[in-house]
Amino acid sequence: MKKTLILTSALCSMAFAASAQEVNLLSWGGAYGNSHLEAYAKPFTAETGIAVNIADADNPATPIKAMVEAGNVTSDVASVEYADAVRLCDEGLLEEIDAASLTAADDGTTAADDYIEGGVTDCFVATDVYSMVEVYDDSKFPDAKPAGPADFFDLEAFPGKRTMRKGAKFNLEFALMADGVPAAEVYEVLSTPEGVDRAFAKLDTIKNDVIWWEAGAQPPQLLADGEVTMAYAFNGRIFDAAMKDNKPFKIVWDGQIYEMEGWVIPKGAPHMEDALKFIAFSTAPANQARAAEFISYGPPRKSAAAIVGNIEGTEEPMGPHLPTTEANMGNALGSDLDFWVDHDSELNERFNAWLAG
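Residues numbered from 1 in each chain as written. Predicted model: local features only at pLDDT ≥ 70, side-chain atom pairs only at ≥ 80, totals over all residues. Heavy atoms only, no water.

As annotated in an unreviewed UniProt entry, the protein is ABC transporter substrate-binding protein from Paracoccus aurantiacus.

As structure tokens, this is what we get:
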């Protein structure tokens with residue numbers, strides 16, 4: 001049996017050795033990448049003998065686009081955000097995935113029917129539901145505690161530097177919620193020039209106090225180092241730091257923005273057959289549920305959500321820590337796929353100009 005090989009080098013210097021049977025997987029690294037290793041890659045290799053080689057990127061969608069356009073595809077499967085998957089599929093850069101090839105639920109329900117809405121598209125199979133959340137260092141605020149988006153922007157009541165993802169997506173929606181726009185109305189407002197102006201105006205109020213991050217591992221590190229007191233970050237990365245490293249980080253679920261993430265196969269993948277086997281295996285309900293025990297991202301299959309157990313290595317249930325848990329969805333906003341497919345380029349161009357200005 002082949003051993004699982006983990007590669008952590010940057011994609012630009014990455015080279016996968018050719019093999020008769022293997023899957024070259026492009027992931028995000030960190031705690032999220034570890035969930036892919038433990039819940040998917042290791043069991044898949046144990047069952048099939050097919051090696052899984054894992055490499056990391058800050059956002060796998062970017063190198064996938066580059067390698068397909070260059071005609072030099074080295075990855076077989078990649079983990080990408082929902083909107084990126086639709087965009088890449090529309091551009092003809094991904095292989096289509098037949099939903100009939102996916103593993104059915106234990107009761108015989110087809111995978112397509114077992115997924116939440118949008119979980120399976122022509123080129124995308126969801127693996128998890130993650131969210132961007134407001135986070136604070138509890139040790140820095142012994143009295144009043146941040147409780148929602150408005151508090152993130154209140155530097156007087158809750159002093160200290162912030163950290164946010166470098167880009168328009170998530171930040172514009174979060175800014176509007178902080179400015180009083182109800183979650184249900186965010187995209188209606190953001191679809192107007194006045195709404196975009198309003199979001200950037202709100203970001204202006206904290207711009208000089210924000211450290212911008214690009215890799216998901218950065219926010220918990222910035223919090224741990226005391227460089228920031230609050231972060232806007234992936235919920236799973238924060239959960240991992242709080243649980244494994246015993247950091248005093250608290251998640252504010254009010255105003256969370258959730259989205260699905262999942263597998264795609266780049267056009268011209270060198271091991272297409274093995275890639276399809278890996279996707280069918282890893283998205284089976286039991287394996288999705290297992291992945292959720294390593295990192296607090298909710299399974300997008302209904303039958304998987306029902307069987308998520310305890311946090312790995314503990315007797316504590318994972319359920320309360322998932323973004324999809326009912327108690328955490330009170331003022332949640334689902335990321336609008338169509339909006340970002342249509343406006344990602346123009347809004348990121350404006351964001352970069354705003355950041356440089």
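On we go.
**Details of the layout of surface pockets**
In this model, the largest pocket occupies a volume close to 580 Å³. As for the largest pocket, its lining consists of 20 residues, and the residues nearest its centre are Asn59, Thr62, Asp84, Arg165 and Asn348. Those elements that provide at least two residues to the lining of the largest pocket are helix H2 (61-70), helix H3 (82-90) and helix H14 (337-356). No other element matches the four residues that H14 contributes to the lining of the largest pocket. Residue composition of the lining of the largest pocket, grouped by class: six nonpolar, four polar and 10 charged. Taken as a whole, the second largest pocket holds about 240 Å³ of empty space. Looking at the second largest pocket, it is lined by 13 residues, and the ones nearest its centre are Phe239, Ala242, Phe249, Ile251 and His321. Secondary-structure elements contributing two or more residues to the lining of the second largest pocket are helix H10 (235-244) and strand S9 (249-264). (1 Å grid on protein atoms, 1.4 Å probe; cavity = no way out; pocket = protein on both sides within 12 Å on 5 of 7 lines; lining within 4 Å. Points joined across faces, edges and corners; volume = space filled by probe spheres on them. Helix = DSSP H or I, 4+ residues; strand = E, 2+ residues; numbered from the N terminus. Nonpolar A, V, L, I, M, F, W, Y, C, P; charged D, E, K, R; others polar.)

**Some words on helix H6 (residues 171-178)**
Here H6 lies mainly inside the structure; eight of its eight residues are buried. Within H6, the full set of buried residues consists of Asn171, Leu172, Glu173, Phe174, Ala175, Leu176, Met177 and Ala178. (Buried < 20%, exposed > 50% of the residue type's maximum accessible area, 1.4 Å probe, protein only.)

**Notes on the pattern of salt bridges**
Pairing of side chains with opposite charge becomes possible as their charged atoms draw close. Inspection of every chain in the model, using the stated rule, returns 18 salt bridges. For the salt bridge of aspartate 179 with arginine 198, the shortest nitrogen-to-oxygen distance reads 2.7 Å. Remark: arginine 198 occurs in helix H8 (residues 193-204) and aspartate 179 occurs in the loop between H6 and helix H7 (186-190); sequence separation between them is 19 residues. By relative accessible area, arginine 198 is classed as partly exposed at 34%. (Salt bridge = Lys/Arg side-chain N within 4 Å of Asp/Glu carboxyl O.)

**Description of the pairing of strand S6 (residues 162-165)**
Here S6 shows a buried face lined by Arg162 and Met164 and a second buried face lined by Thr163 and Arg165. For S6 and strand S7 (residues 210-213), the ladder comprises four bridges, and the chain directions are parallel. Each bridged residue has a counterpart across the sheet, and for arginine 165 the counterpart in S7 is tryptophan 213. By the bridge criterion, two bridges tie S6 to strand S8 (residues 230-234) in an arrangement that is parallel. What sits directly across from threonine 163, in S8, is alanine 231. (Pairing = 2+ DSSP bridges.)

**As for the domain arrangement of the protein**
Along its sequence, the protein is organised into domain 1 (2-129 + 260-329) and domain 2 (131-259 + 332-356). Measuring from the centre of the C-alpha atoms in domain 1 to the corresponding centre in domain 2 gives 26 Å. Each side of the interface is counted separately: domain 1 has 30 residues, and domain 2 has 21 residues. Here domain 1 packs against domain 2, burying approximately 2,100 Å² in sum over the two surfaces, 58% of which is carbon and sulfur. There are two salt bridges connecting domain 1 and domain 2. (Domains from an automatic or database assignment. Contact = heavy atoms within 4.5 Å. Buried area = accessible area lost by both parts, 1.4 Å probe.)

**A closer look at the packing of aromatic side chains**
Under the defined criterion, the tally for this structure stands at 24 aromatic pairs. Each residue in the set Trp28, Tyr32, Tyr130, Phe170, Trp213, Phe234 and Tyr297 is aromatic and connected to the rest through ring pairs, giving one cluster. Looking at arginine 162, its charged tip hangs above the ring of phenylalanine 152, at a distance of 5.6 Å from the centre. Sitting over the ring of tryptophan 354, lysine 207 keeps its end group 4.6 Å from the ring centre. (Phe/Tyr/Trp six-rings, centres within 6.5 Å; stacked < 30°, edge-to-face > 60°. Lys NZ or Arg CZ within 6 Å of the ring centre and 35° of its normal.)

**Quick look at the nonpolar core**
Within soluble globular proteins, side chains that are nonpolar tend to cluster in buried spots. Counting residues in each nonpolar core, the largest one holds 95 residues, and the members touching the most others are Met164, Leu172 and Phe278. It is helix H1 (residues 30-48) that contributes the most residues to this core, seven residues altogether. Of the domains in this structure, domain 1 (2-129 + 260-329) and domain 2 (131-259 + 332-356) are the two that each give at least three residues to this core. In this structure, methionine 164 is in contact with Phe152, Asn171, Phe174, Leu203, Ile206, Val210, Ile211, Trp212, Trp213 and Tyr232, ignoring residues within four places of it in sequence. Grouped together as the second largest cluster of nonpolar side chains are 11 residues, Val133, Val135, Leu222 and Ile238 included. (Core = buried A, V, L, I, M, F, W, Y, C linked by side-chain atoms within 4.5 Å.)

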